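Examination of the molecular architecture
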Amino acid sequence: MLTALRRGLLVLLAVLPLFTQAAASPHQVIQQTTDKLLADLKANKDRYRQDPAAFYDALNEILGPVVDAEGISRSIMTVKYARGATPEQMTRFQENFKRSLMQFYGNALLEYNNQQIRVLPPSGKQDDKRTSVAMEVVGRQGEVYPVSYTMVNQGEWRVRNVIINGINIGKLFRDQFADSMQKNGGDLDKTIDGWAEVVARAKDTPAGQQAAGDE
């Protein structure tokens, strides 16, 4: 039986707009991209299973231009470490972060099997700079798993964080980054270059196992 978060993480990429419209609300952006993402998975799933590299490249093509990599990277590093990082280190970490994210969730996305996905309508007054978008994933037995996306408006809406069934993915990575810095004696370059291993360790935690969709 798949875990609750495997179903939830199937739609992580759905919140990341491939084609955004200036006047589109964050909710509209999510719905439009959900439809596009699922159509792409349906058309290419067999090929992606045989060629994981092509799958990760496709995910990066969708995610790379629209995820708030800089904001997420600084959040994961926290001010404590980010303020001492050079522009080259920040860029390198952003790229490593995006690549590790593709690998972290790629296999879970391939498990998508026509589960129902509902983007919930906005509730109350919406901020024009930062907002949350709620989504529900309905499993095969009718169970409902909540997903909440934090989005920021930078001329177009971008994803800053995601909370899946109560697990804050940004906090999960932030804790792992701090732990890695401590183990590496404060060596930022070593931590950046070893970020894939950091993500792998996060996956081995109870929260990470759920987030990555382990059974």
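Presented here is a report on the structure given in the accompanying data block. (Residues numbered from 1 in each chain as written. Predicted model: local features only at pLDDT ≥ 70, side-chain atom pairs only at ≥ 80, totals over all residues. Heavy atoms only, no water.)

**Focus on the packing of aromatic side chains**
So the rule is basically this: Two aromatic rings from Phe, Tyr or Trp, using only the six-membered ring of Trp, form a pair when their centres are within 6.5 Å; if the ring planes differ by under 30 degrees the pair is stacked, by over 60 it is edge-to-face, and anything between is tilted.
Here the structure, examined in full by the defined rule, presents eight aromatic pairs. Ring pairs connect the aromatic residues Tyr81, Phe93, Phe97, Phe173, Phe177 and Trp195, which therefore count as one cluster.

**Some details on the nonpolar core**
For the record, the criterion: Think of a nonpolar core as a cluster: buried Ala, Val, Leu, Ile, Met, Phe, Trp, Tyr and Cys residues, connected wherever their side-chain atoms sit within 4.5 Å. Under the scheme applied here, a residue whose accessible area is under 20% of the maximum for its type counts as buried, over 50% as exposed, and between as partly exposed, the area being computed with a 1.4 Å probe on protein chains only. Segments assigned H or I by DSSP are reported as helices when at least four residues long, segments assigned E as strands when at least two residues long, and all are numbered from the N terminus. Only heavy atoms enter the contact rule, under which two residues are in contact if any of them lie within 4.5 Å.
Counting 46 residues, the largest nonpolar core has Ile76, Met77, Phe173, Phe177 and Trp195 as its most contacted members. If you tally residues by element for this core, the top one is helix H5 (residues 87-109), at seven residues. Apart from residues lying up to four places away in sequence, Ile76 is in contact with Phe93, Phe97, Phe173, Arg174, Phe177 and Trp195.

**Topic: unusual backbone geometry**
In this structure, Thr78 takes a positive phi of about 70° despite not being glycine. You can see Thr78 is positioned in helix H4 (residues 69-82). Thr78 gets classed as partly exposed once you look at its relative accessible area, which sits at 26%. The phi angle at Asn165 is positive, at roughly 50°, despite the residue not being glycine.

**As for the pattern of salt bridges**
The line we're drawing: In the sections that follow, a salt bridge refers to a side-chain nitrogen of Lys or Arg positioned within 4 Å of a carboxyl oxygen of Asp or Glu.
A full pass over the atoms with the stated rule returns ten salt bridges. Measuring nitrogen to oxygen at the nearest pair gives 2.4 Å for the salt bridge that ties Arg160 to Asp68. Of this pair, Arg160 sits in strand S4 (residues 157-164) while Asp68 is found in the loop between helix H3 (52-63) and H4, placing the two residues 92 residues apart along the sequence. By relative accessible area, Arg160 is classed as partly exposed at 24%. With its nearest N and O atoms 3.0 Å apart, the salt bridge here joins Glu156 to Arg158. Taking the relative accessible area as the measure of exposure, Arg158 reaches 18% and is therefore buried. Taken together, the shared-partner salt bridges connect Glu88, Arg92, Asp189 and Asp193 into one network.

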